[in-house]
Every structure is written in C-alpha cells, then in structure tokens.
Amino acid sequence: MIDKRWFRRLNVQLVALLTLALLPLGSIAIFQTNRVAEEADQNVSEAFLGLAQRAARAEQVLIERAVGAARLFGSVAPDLLTDASACAPMLSRFVAANEEFSFVGVLPLTGIVECSSVEQVIDFSDYPNFDEIMARQTATIVLNRAAPASGESVFVVSEPFKIEGEFAGFVSVSIPHRQLYGTDDYLEDLGLVELITFSEEGTVLTSRSSFEEAQNELPRGLELSGLSATEPQTFHAENINGVQRRYSVVTLQGSPASVMAIWNMRPGSAGRLANSLLPMIFPVLMWFASMGVAMLAMNTLVLRHLRNLQQSMDEFADTRQANFERDEQLLTPIEIENLEINFQRMSEEIMRDEANLENALREKDVLVKEIHHRVKNNLQLISSIMNMQIRSAKHEETQDILRRLQERVLSLATIHRDLYQSQDGGRVNAGALIAEIVEKSVEIVTVDGGHVDVQSNVAPLLLFPDQAVPLSLLVAEAAANAMKHIGDTKSQTPRIDVTLKQDDRACLLVFANSIGNSVVEESTGLGSKLMQAFAIQLGGKIDVTHTDDQYTLTLHFNAMEFEPEAKDY
C-alpha cells in the first residue's frame, strides 16, 4: 500500500528541488543544442547548394552560350531577314561549328521561320502558347520533345530582338538533350539522385535520367513554378513515391531557368534523427546523472545514518535498550553525530527518570498497601473487641446492635483488604466483594445450624473506593435487613437472590429475600436511612418493592471514573 504522505519523503523532496534547480540549465542546454543543430543544418544546406551549383555548371554554360548566340544573331536579325539567301548558310555554318546546338532560327511575329540553320520554312504559329510568348516579349526557355528541324528532344533558348526599337520577334537556339554532360562520380557518391532544369512556368527542361523518372523525384505537394526564385534554397521533402529527399534549388544567372539537385537522405537519416533527439538527450542524461549523484550523496551522508538512528529509537521505544556503538567506517556527518549524542543523552535521562518514577511508584504502592493493611487490621481489632462486648452483653437488643455494627466494620475491613491486594490501579472487584459480604452475613446469623439458600448472579465490576465502599456498606445493610426478616417458612427454604450487572457504565443491583414467620421488634429505620445515604453517595436511586413473601431492593447507578481531589493551595 502506498503511503499517502510519499511526497513528504526526503528523497522525493530532494528530487523535486534539484529538478527545479536543473530546469534553467536544461533549458539553456536545449537552446544551445538547437542552435548548434540549426547552424550545422545551415552549413550542410550551404554545402549542398554549392554542390548543386557545381553540378548545374554544365547546364549553365550551355544556356549562357545559347543566350550569347541568340543575342549575337538578334543584333544582326534585321539584316538576315532582308537577305534570306545569306541567312541559311551563315546559321548552318554556326551550327556545324558548335555541335552543342542543333538549330538556330529567327522567329518573326508571324511565326513563320524562313531564316534558320535549315533550308526549309517552318511554321510555329500553331504551337501551344505561341501568342502568350509573343505577347510577353521576354526571354524564354521551352521544352520541345520532338523538334521539327532535328526530330529529337531539345530545349529552346529564345531571346527577343528589335527592329528600329520595336519588338520584332525572337532568335531561338535549340540545345539537344544528348549534349548534356553527365554528373561527376563524387557527386553521386555524396547522394545525388537527379539533376533537373526547369523554367519559370514549372516545366522540366532537362534531366539526367528520363523525364518519367525525373517526375517521380519531384517534391510531393510542391509546384516547381513556386520554387523558382532569385535566392538559392534547400529543404527536405518526400518525393512522389514517398521517399525522403533533400532538394537544392539554384537559379541560372542570365536566364529564366533554375536547377534543382535532388539528394538521397538515407545515408544521413540516422544522423538527422540523432540531431533531433540530441537536444533532449543531453538534459535528460544530465538530470539522471545529477539525481544519481544526489541520491548517492544523500544515502551515504544522511539516509543511512537516519535509518540507524531510527532503528535505535525504535529499539529504545520497544525494549528501553539501544545500541549506541558507532561504526567509524560510516563517516557520520558531525550534525547527525551530534544528534545521535543528544539522543543517547536524552535516552539515558529518560531511563534514569523512569527508574526514579518506578521507585517512587513502588514506594507509594507499598505505603498505600501498608496503610490499607493497617486500617484493615485496626478494623478487625475493633471487630474483635465488639465480639467480646457481644459475648459479655446481657441483653439481646444490645447484642443485635453490636452485631450490626460488627458487620459494618467487617465490610470495611474486607474492602481495605481487597484494596491493598488490588493490582488494577487501585480499583476493587465489587462483584466478588458483594458475594463475600453476603456469605459472611449469612454465616454470622446462621451459626445455630440454620440454612439459607443464597442464589448469586454477580458479574465482575471494577470500582474505585469512592463507590466500592458505599456499595459494600449498602449490600451489608441489605443483607443484615434480609437476615432479620427472612424468618422460617415451613413451605420453602429461606432464600436470598443477589444480581449485579453492568452495561457500559450503567450498573444494576437487585437484592431480593424471602419473608417468613419471624418475631421482629419495632425497627428504628436506621438501616433504610443508611442505604439511602449510600445510594446518594453512589449517585444512584433505590427502588423497594415487597409482597407477602418477598422483599426486593433495586439500585441503579453509573460507574464513575477516577476524579482526583482538588489541590488545596
């Protein structure tokens, strides 16, 4: 069963306080670790951006050369359009001298190309987005999977040209995909999966693998048109197939295209997980280490010494003996050692005081018993003197009076005998006392050989002398009264029924006797007055009922606790 006061234990409170003390340090550690992790991630991102720019260098060179060629021919485009016979040979010689280009042509506003590197007229007016491109009048890069001139997949770099300051069309240079350079082996070793070039509209222009494979490597849920920006960027995302990738996006200077390098995240996934857990691992380890040191120190310096002290206290409380031998190997702190010394001194003082109290109590008990014994002896001496007076008395009335007094004296002597023999805190077993008083009263009266049937149903009842004495005297008076009126009946044996019961503090005494044929002198009523007085001392009430053949006395009272007398100052 768990103690409801577990939170008050020393180790629990120490852990709570140390946790509060370490909380700022843990927060600082998490902040610093996150900051280092962010700086490391930023450095990694910059490194990947540099690698992406290096991997895209081939595309950038091709596009820059294509842009340069388009701008060159754009400056002479008005002359080429006016001399169509010289256009084709000039452009064809340029394409033959530059194998990375497959087509060069001048695209007028009509969309019909008559001046190109091939000797044929090509109509581009029906191509998709032709009107939009002409209306935009800016440099573009578009993809053409099946170029009409070469019949192969190319991406076309177009630069606008003007005639007399007015926009007149584009000079287009086609770069076949077969001319793209492969990536370096060391980039693939670093995890480069794909390298693509895309336009502002989000169209994939080039890729190292097939266009279908490149589409599967694009980031899920992101549009390429939204990734085209002037500033380089890197981020983590899942590709179309749900695989984690790192993406690095850089722009190609001088062109409306961008390059995206796609890197494999599997080699760095464990490190990335460790980086995410590191800010929490360090404070947790620091907390466990601090708690371990604190618990070890508290157990070594405090708890085991307190347990030993508690064991000594429990042993002293149970047996009044304690082992005060100290183990020098425990290295007890001075404060706890002083506490043990104080406990040793206090226990010795307690044992000495208890010994003195026991001696004083024993002496007092002996004195009290001696007093009761002497009183009992004196009362018996008085009873003996009265017995001598009874034998020497000449009148029967005098003998009866002395005998009644003798019974009262013997009752007091019996009470004092039980008091000095009592082992129950000075209380007397009133039940046994009542039975003995009735028995002696019957014996005194029936010395001539008569017989009285005594039925006793007396339960044990412990009373202090303040109630035991008046109760005994009351029973003695009742017994004397019964023996005076019990008489002699021919039909039945004289009898006395005594009942004593206790229910909690409520007590009940019933004293009943038979009434027979007897010669009774006129009563003085002293016995009844004495019984009423004794009942008042008991704090009870007497009820008397009698018929022709039976007399019954009923007494109700409450057993009282001991009340010491007020001191007389």
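As a starting point, this report considers the structure included with it. (Residues numbered from 1 in each chain as written. Predicted model: local features only at pLDDT ≥ 70, side-chain atom pairs only at ≥ 80, totals over all residues. Heavy atoms only, no water.)

It is worth spelling out the side chain of Thr-554 at this point. Within the secondary structure, Thr-554 sits in strand β19 (residues 550-558). Thr-554 sits in the buried class, given a relative accessible area of 18%. Apart from the residues lying within four places of it in its own chain, the contact partners of Thr-554 are Leu-508, Leu-509, Val-510, Lys-541, Ile-542 and Asp-543. (Helix = DSSP H or I, 4+ residues; strand = E, 2+ residues; numbered from the N terminus. Buried < 20%, exposed > 50% of the residue type's maximum accessible area, 1.4 Å probe, protein only. Contact = heavy atoms within 4.5 Å.)

Okay, a nonpolar patch on the surface next. Together, Leu-10, Leu-306 and Leu-339 give the surface a local cluster of nonpolar side chains, amounting to about 230 Å² of exposed area. Note that Leu-306 resides in helix α8 (residues 269-319). (Patch = residues over 30% accessible without salt bridge, like charges linked within 9 Å, V, L, I, M, F, W, Y side chains within 5 Å. Areas by Shrake-Rupley, 256 points an atom, 1.4 Å probe, with all protein chains shown as cover. Salt bridge = Lys/Arg side-chain N within 4 Å of Asp/Glu carboxyl O.)

For the rest of this paragraph, the subject is the sheet that holds strand β6 (residues 154-163). Taken together, the 5 strands give an open sheet; going across it, the order is β3-β1-β7-β6-β5, and neighbouring strands pair in antiparallel fashion. At either end of the open sheet lies a strand with only one pairing partner, and these are β3 (115-116) and β5 (140-144). Here 10 bridges tie β6 to strand β7 (residues 166-176), and the two strands are oriented antiparallel to one another. Residue pairing across strands places Glu-159 opposite Val-171, the latter belonging to β7. (Pairing = 2+ DSSP bridges.)

This part is about helix α9 (residues 334-392). In this model, α9 (59 residues) spans 86 Å end to end at C-alpha, consistent with the 87 Å of a helix rising 1.5 Å per residue. The set of residues buried in α9 consists of Ile-336, Glu-340, Phe-343, Ser-347, His-372, Lys-376, Leu-379, Ser-383, Met-386 and Ile-390. (Expected span 1.5 Å × (residues − 1).)

Relative to the 38 Å expected for 26 residues at 1.5 Å per residue, helix α2 (residues 57-82) spans 37 Å between its end C-alpha atoms, a close match to the ideal helical length. Taken as a whole, α2 carries its principal kink of about 60 degrees at Val-76; the proline Pro-78 stands between one and four residues after it. (Bend = angle between axes of the 7 residues up to and from the residue.)

Moving on: the sheet that holds strand β14 (residues 453-458). Pairing within the open sheet is mixed, and its 5 strands lie in the order β14-β16-β17-β19-β18. Edge strands, defined here as strands with exactly one partner in the open sheet, are β14 and β18 (541-546). Across the sheet, the mean angle from the axis of one strand to that of its neighbour is 10 degrees, orientation sign disregarded. Strand direction decides the pairing type here: β14 and strand β16 (residues 495-503), joined by 6 bridges, are parallel. In the sheet register, Val-458 faces β16, and the bridge partner there is Leu-500. The sheet contacts of helix α12 (residues 465-485) involve β16, β17 (506-514), β18 and β19, and relative to β17 the element is tilted by about 15 degrees. (Axes fitted to C-alpha atoms, helices over the stretch in contact; angles between N-to-C directions.)

This next bit is on the packing of α2 against helix α3 (residues 84-97). At their nearest, the axes of α2 and α3 sit 8 Å apart, and the two run at 160 degrees to each other. Comparing their axes, α3 and α2 come out roughly antiparallel. For the pair formed by α2 and α3, the contact residues are Ala-69, Phe-73, Leu-80, Leu-81 and Thr-82 on the first element and Ala-84, Cys-87, Met-90, Leu-91 and Phe-94 on the second. Class assignment for the residues of the contact of α2 with α3 results in 9 nonpolar, 1 polar and no charged. (Parallel < 35°, antiparallel > 145°, perpendicular 65-115°, else oblique. Nonpolar A, V, L, I, M, F, W, Y, C, P; charged D, E, K, R; others polar.)

Once that is clear, we can look at the pattern of salt bridges. A full pass over the atoms with the stated rule returns 6 salt bridges. Residues Arg-71 and Glu-159 are paired through a salt bridge, measuring 3.5 Å at the closest nitrogen-oxygen approach. Of this pair, Arg-71 sits in helix α2 while Glu-159 is found in strand β6, placing the two residues 88 residues apart along the sequence. Owing to a relative accessible area of 52%, Arg-71 belongs among the exposed residues under this scheme. Here Glu-370 and Arg-374 are joined by a salt bridge, their closest N and O atoms 2.8 Å apart. Within this pair, Glu-370 and its partner Arg-374 are both found in helix α9, separated by 4 residues, close to a single helical turn.

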